[in-house]
Amino acid sequence: MADKDNGGGVPLSRAQITVRVLALSIGAFLVMVPVFWTILTSLKTAQQTLQSPPVWFFDPQWGNYLEVLRLVPFQNYALNTAVVVTGVVVGTLLSCSFSAYGFARLRARGRNAIFGVLMATMMLPSTVTLVPTYIVFNRIGWLNTFLPLIVPAFFGSAFFIFMFRQFYLSIPKEVEEAARIDGAGYFRIWWSIFLPLSMPVIATVTVFTFVGTYNDFFGPLIYLTDESKWTISVALSSFGGSPKIGPQLHMLTAATMIAAAPSIIVFLLAQRYYVNGISVAGVNK
């Protein structure tokens, strides 16, 4: 008995639907196993985390989460992370959307060649530019500040510029021409028309940028030498064996769950726009 269409015009039988649901359920379970293990470990005592075979039935230690906040100045690390993430997200959205508008709508000689060079930079690993970038930031006195982590975002990202450009190409030119008739300039058109219409791509770029910056460990580790300026990703290393705290797996997993909460919340809030942005950003040329 046919129930649903598989996208090619041929309906799926109940057996095919059952097999697909079963395969997806198994895949989802395998993906969630590490998450379940992290949650269970965060609720154990230090002795229970070392027992073999693992302990599956125990009294949950909800106080582990409060102990994390007591052992380290987690609130200070969260504030540092919020400053860096906010600056990077704002800088990325402004620079990438504005640059993409120029590549999508403005006519200039060599525009496509410049865009090609921009796309080519995506093949350049960030580790290649690490040493010269560090030297530059050192000479201008930006080390141990948030500037090396935030300012580069205001110069755009090739991948996100590409996403914005592809979306802008899907906007009818009649909308832009009508705005010009009313006297709007390029900047006004970008700010008042293109940006409001770009919510799917904005949500997608925001989620990517937020998660990438929030989880960035290498950048803050290199540029921030003062412990009071650490971000959450660097602060988590304190539970892996620092002289002050020592190796405590239950504390590390509890801190990890606290640190993961903002990324999950941002994704859930932007999920509808995020899915739309992924589906439409690469369909035009």
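Residues numbered from 1 in each chain as written. Predicted model: local features only at pLDDT ≥ 70, side-chain atom pairs only at ≥ 80, totals over all residues. Heavy atoms only, no water.

## Concerning the packing of helix α4 (residues 74-105) against helix α10 (residues 186-197)
And then number 1: At a closest axis distance of 11 Å, the pairing of α4 and α10 adopts a crossing angle of 110 degrees. Taken together, the axes of α4 and α10 lie roughly perpendicular to each other. On α10, the residues that touch Leu94, Ser97, Phe98, Tyr101 and Arg105 of α4 are Tyr186, Phe187, Ile189, Trp190, Trp191, Phe194 and Leu195.
And then number 2: A class-by-class count of the residues in the contact of α4 with α10 yields 10 nonpolar, 1 polar and 1 charged. (Axes fitted to C-alpha atoms, helices over the stretch in contact; angles between N-to-C directions. Helix = DSSP H or I, 4+ residues; strand = E, 2+ residues; numbered from the N terminus. Parallel < 35°, antiparallel > 145°, perpendicular 65-115°, else oblique. Contact = heavy atoms within 4.5 Å. Nonpolar A, V, L, I, M, F, W, Y, C, P; charged D, E, K, R; others polar.)

## Quick word on the layout of surface pockets
And then number 1: Put simply, the largest pocket is a space of about 1300 Å³.
And then number 2: Forming the walls of the largest pocket are 33 residues, and the residues nearest its centre are Ser126, Thr129, Pro152, Ala153 and Gly156.
And then number 3: Taken together, the elements giving at least two residues each to the lining of the largest pocket come down to α4, α6 (130-139), α7 (147-150), α8 (158-168), α11 (199-214) and α12 (218-223).
And then number 4: Of the residues that constitute the lining of the largest pocket, the class distribution is 20 nonpolar, 12 polar and 1 charged. (1 Å grid on protein atoms, 1.4 Å probe; cavity = no way out; pocket = protein on both sides within 12 Å on 5 of 7 lines; lining within 4 Å. Points joined across faces, edges and corners; volume = space filled by probe spheres on them.)

## A look at the confidence of the model for the protein
And then number 1: Mean pLDDT over the protein stands at 85; residues scoring 70 or higher make up 89%.
And then number 2: When the elements of the protein are averaged for pLDDT, strand β1 (residues 2-5) gives the smallest value, 51, and α7 the largest, 95. (pLDDT = per-residue confidence, 0-100.)

## Some points on the pattern of salt bridges
And then number 1: Here the structure, examined in full by the defined rule, presents 3 salt bridges.
And then number 2: A salt bridge links Glu67 to Arg70; the shortest N-O distance between them is 2.3 Å. Pair noted here: Glu67 and Arg70 are both in helix α3 (residues 63-71), with a separation of 3 residues, about one helical turn.
And then number 3: A residue is classified by how much of its surface remains accessible, and Glu67, at 27% relative accessible area, is partly exposed.
And then number 4: We note a salt bridge from Glu176 to Arg105, for which the minimum N-O separation is 3.1 Å. Here Glu176 is found in helix α9 (residues 173-181), whereas its partner Arg105 is found in helix α4, with 71 residues between them in sequence. Each of the two residues, Glu176 as well as Arg105, counts as buried. (Salt bridge = Lys/Arg side-chain N within 4 Å of Asp/Glu carboxyl O. Buried < 20%, exposed > 50% of the residue type's maximum accessible area, 1.4 Å probe, protein only.)

## Comments concerning the side chain of Thr92
And then number 1: Positionally, Thr92 belongs in helix α4.
And then number 2: Thr92 sits in the buried class, given a relative accessible area of 6%.
And then number 3: Apart from residues lying up to four places away in sequence, Thr92 is in contact with Ser97, Ala153, Phe160, Val205 and Thr209.

## A look at the nonpolar core
Note on soluble globular proteins: their nonpolar side chains tend to be buried together.
And then number 1: Judged by nonpolar contacts, the single largest core of 43 residues is most densely connected at Val68, Phe164, Tyr168, Phe194 and Ile232.
And then number 2: Put simply, the parts of the chain that give this core at least two residues each are α4, α5 (111-120), α8, α10, α11, α13 (232-235) and α14 (249-269).
And then number 3: The leading source of residues in this core is α4, at 10 residues.
And then number 4: Once residues within four sequence positions are removed from consideration, Ile232 is found in contact with Phe74, Tyr77, Ala78, Thr81, Tyr214 and Ala259.
And then number 5: Residues Val88, Ile150, Tyr223 and Leu224 belong to the second largest nonpolar core, which totals 8 residues. (Core = buried A, V, L, I, M, F, W, Y, C linked by side-chain atoms within 4.5 Å.)

## What about unusual backbone geometry?
And then number 1: Residues other than glycine seldom take positive phi values, yet Asn144 does so here, at roughly 65 degrees.
And then number 2: Tracing the backbone shows Asn144 in the loop between α6 and α7.

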